[in-house]
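Descriptive structure summary
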Amino acid sequence: MRHFFGAFLLGMATLTVMPTEKVLAGTLTGQAPIVIGHRGASGYRPEHTLAAYELAIQMGADYIEPDLVATKDGVLVARHENALAILNADGTLNLTDTSTDVYERLQFADRKTTKVIDGRSITGWFTEDFTLEELKTLRAIERIPGIRPQNTQYDRQFEIPTLQEVIDLAKAQSAALGRTIGIYPETKHPTYFDSIGLSMEEILVSVLNANGYVDETAPVYIQSFEVSNLKDLNQLTNVSLVQLINPSGRPYDFVVNADSRLYRDLITPLGLAEIATYANGIGANKNLIIPRDSQGNLLSPTTLVDDAHAAGLIVHAWTFRDEDVFLPTNLQGNPQEEYKRFYQTGIDGLFSDNPDTAFAVRSTLVPEPGTIFGLGFMPLLGWLFRRRK
């Protein structure tokens, strides 16, 4: 089982900067739950841009999350998908899956193509058909303008960042603010990228190693919806790994390998025990932690957080957004209450498009500086070392 000593040390280093009022209990190690800027502060800026990441940090995020895809020349860049722009069946632009202005660039009109990505036929433009130099000529646009029209004012202002540029930002902000900013990269479509000769694992580990991120003390989590690439990464690096869990379906590598197990099978006691052999935690869709009824109202929490903790796994929940379209029916207009209820389940962190809201709610719940949820330092240290035996 992979261990948590590095995560503990990182939490201890950052805990005392958090404003506090009340006691919150239940996380695996007793650390305050982390706030992860989901694709940056994507509620306020076009996602996966340096502007979005920097704003997330300024809003209190402990980690920033770049989804990673590969360029033609083998550079990892931050995009939600390898599709830079997608066309609907009738040839019109898909306004919920387009994140760059590539469709406006006449010089790249011939790059439009149709591919099958994880079993889905997609027509559009793809990162793996562009060199980094070519991608750098493109500009980001708001991916969901119908929901976030205010973000369109920033369209065409920002480049596509590389993983190295995201790391450079995190390190610079850490130095400027006097607190550690971590990165939380996700490998997107690793089986697909393997199939076209752009294996992501080796590239990612090489970049992390070059930046001194080599073990569990590093402020890094690598996440994936697939299983086999996390197992590969477990052999290549000692940084922390997180298995992402959807509420339905199964990992695409399971589809390719004719493994009939579903995501739901991975969160049984047996499944969690297996995850603990190659990863440090799970990144769970929040509906698996507190489900909703048929009207969209929050119900009572499931046992998933306790079950994962019993297996020695941290739990990070995704994704929290302030807009009513994403909120439970009974919490419309009150995103703060949703955060509060999830923090109270004992989750170890959460992904948020609005890290300022996540930070503000956490600030009313975490313990006084220098305490560990009322437990005291030495009892927790003893607990930690007992777990490592």
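Residues numbered from 1 in each chain as written. Predicted model: local features only at pLDDT ≥ 70, side-chain atom pairs only at ≥ 80, totals over all residues. Heavy atoms only, no water.

An unreviewed UniProt entry lists the protein chain under the name glycerophosphodiester phosphodiesterase, with Trichormus variabilis given as the organism. Per its UniProt entry, the protein chain bears the Sequence similarities (unreviewed entry) comment "Belongs to the glycerophosphoryl diester phosphodiesterase family." Here is the UniProt Catalytic activity (unreviewed entry) comment for the protein chain, exactly as written: "a sn-glycero-3-phosphodiester + H2O = an alcohol + sn-glycerol 3-phosphate + H(+)". (UniProt positions renumbered as here; feature names shortened; annotations may be inferred.)

**Details of the overall build of the protein chain**
Scanning the protein chain from terminus to terminus reveals 14 helices and 14 strands. By the burial criterion, 57% of the 389 residues in the protein chain qualify as buried. Counted over contacts in the protein chain with a minimum sequence separation of 6, partners at least 24 positions apart contribute 69%. For the protein chain, the accessible area works out to roughly 15100 Å², and carbon and sulfur atoms hold 53% of it. (Helix = DSSP H or I, 4+ residues; strand = E, 2+ residues; numbered from the N terminus. Buried < 20%, exposed > 50% of the residue type's maximum accessible area, 1.4 Å probe, protein only. Contact = heavy atoms within 4.5 Å. Areas by Shrake-Rupley, 256 points an atom, 1.4 Å probe, with all protein chains shown as cover.)

**Points about the packing of aromatic side chains**
A full pass over the atoms with the stated rule returns 10 aromatic pairs. Ring plane angle 90 degrees and centroid distance 5.6 Å describe the contact between Phe-225 and Trp-318, whose orientation is recorded as edge-to-face. Placement of the pair is Phe-225 in the loop between β10 (221-224) and α7 (228-236) and Trp-318 in strand β13 (residues 314-320), with a sequence separation of 93 residues. Residue classification places Trp-318 among the buried positions, given a relative accessible area of 15%. The rings of Tyr-63, Tyr-184, Tyr-221 and Phe-351 are connected pair by pair, giving a single aromatic cluster. (Phe/Tyr/Trp six-rings, centres within 6.5 Å; stacked < 30°, edge-to-face > 60°.)

**Quick notes on the packing of helix α2 (residues 50-58) against helix α4 (residues 163-177)**
Between two packed helices, both the angle of their axes relative to each other and the distance between the axes serve to describe the pair. Across the interface, α2 lies against α4 with an axial gap of 11 Å and an inter-helix angle of 30 degrees. Taken together, the axes of α2 and α4 are roughly parallel relative to one another. α2 and α4 meet at a crossing whose hand is right-handed. Every residue of α4 that contacts α2 at Leu-50, Tyr-53, Glu-54, Ile-57 and Gln-58 is listed here: Glu-165, Val-166, Leu-169, Gln-173 and Leu-177. (Axes fitted to C-alpha atoms, helices over the stretch in contact; angles between N-to-C directions. Parallel < 35°, antiparallel > 145°, perpendicular 65-115°, else oblique. Left-handed = near helix turned anticlockwise from the far one by under 90°.)

**So, the pairing of strand β1 (residues 34-38)**
A large share of β1 lies buried, amounting to 5 of its 5 residues. Of the two faces of β1, the one carrying Ile-34, Ile-36 and His-38 and the one carrying Val-35 and Gly-37 are both buried. With 4 bridges connecting them, β1 and strand β14 (residues 349-352) associate as parallel partners. Within β14, the residue paired with Gly-37 across the bridge is Ser-352. Relative to strand β2 (residues 63-65), β1 is paired through 3 bridges, and the arrangement is parallel. Bridging across to β2, His-38 finds its partner in Glu-65. (Pairing = 2+ DSSP bridges.)

**Focus on the sheet that holds strand β6 (residues 113-117)**
Taken in spatial order, the 3 strands line up as β5-β7-β6 in an open sheet, and their pairing is antiparallel. Lying at the two open borders of the sheet, with one neighbouring strand each, are β5 (83-87) and β6. The average undirected angle you get between the axes of adjacent strands in this sheet is 55 degrees. Pairing analysis gives 4 bridges linking β5 to strand β7 (residues 120-126), with the strands arranged antiparallel. Within the sheet, the bridge partner assigned to Ile-86 lies in β7 and is Gly-124.

**Looking at the environment of Ile-222**
Along the chain, the position of Ile-222 falls in strand β10. Judged by its relative accessible area of 0%, Ile-222 falls in the buried class. Here the alpha-carbon distance between Ile-222 and Tyr-184, two residues 38 residues apart in the chain, equals 5.8 Å.

**Side note on unusual backbone geometry**
Excluding glycine, residues mostly have negative phi values, and the peptide bonds linking residues are mostly trans. Across the junction of Trp-318 and Thr-319, the peptide omega takes the value -15 degrees, indicating a cis bond. Its place among the elements puts Thr-319 in strand β13. Even without a glycine there, the phi angle at Arg-39 is positive, about 60 degrees. Inspection of the secondary structure assignment puts Arg-39 in the loop between β1 and α2. A positive phi angle, close to 55 degrees, is found at His-48, a residue other than glycine. Along the chain, His-48 falls in the loop between β1 and α2.

**Points about the environment of Glu-128**
Counting through the fold element by element, Glu-128 comes out in the loop between β7 and α3 (132-135). Assessed through its relative accessible area of 6%, Glu-128 is described here as buried. Along the primary structure Glu-128 and Thr-71 are separated by 57 residues, whereas in three dimensions their C-alpha atoms are 4.4 Å apart. Here Glu-128 is in contact with Ala-70, Thr-71, Lys-72, Asn-82, Lys-115, Tyr-192, Phe-193, Ile-196 and Leu-198, once residues within four sequence places are set aside. Side-chain polar atoms of Glu-128 contact the side chain of Thr-127, separated by 3.4 Å. (Polar contact = N/O pair within 3.5 Å; in protein donor to acceptor, adjacent residues only side chain to side chain.)

**As for the pairing of strand β3 (residues 67-70)**
The two faces of the sheet receive side chains in turn, since in a regular strand these alternate between them. Of the two faces of β3, the one carrying Asp-67 and Val-69 and the one carrying Leu-68 and Ala-70 are both buried. Two strands pair when backbone bridges link them, and β3 and strand β9 (residues 186-187) are joined in this way by 2 bridges, in the parallel orientation. Across the sheet, Leu-68 pairs through a bridge with Thr-187, a residue of β9. Pairing geometry for β3 and strand β4 (residues 76-78), over 3 bridges, is antiparallel. For Val-69, the partnering residue across the bridge sits in β4 and is Val-77. Where β3 folds back on β4, the antiparallel hairpin that results is connected by 5 residues, among which Gly-74 adopts a positive phi of roughly 75 degrees.

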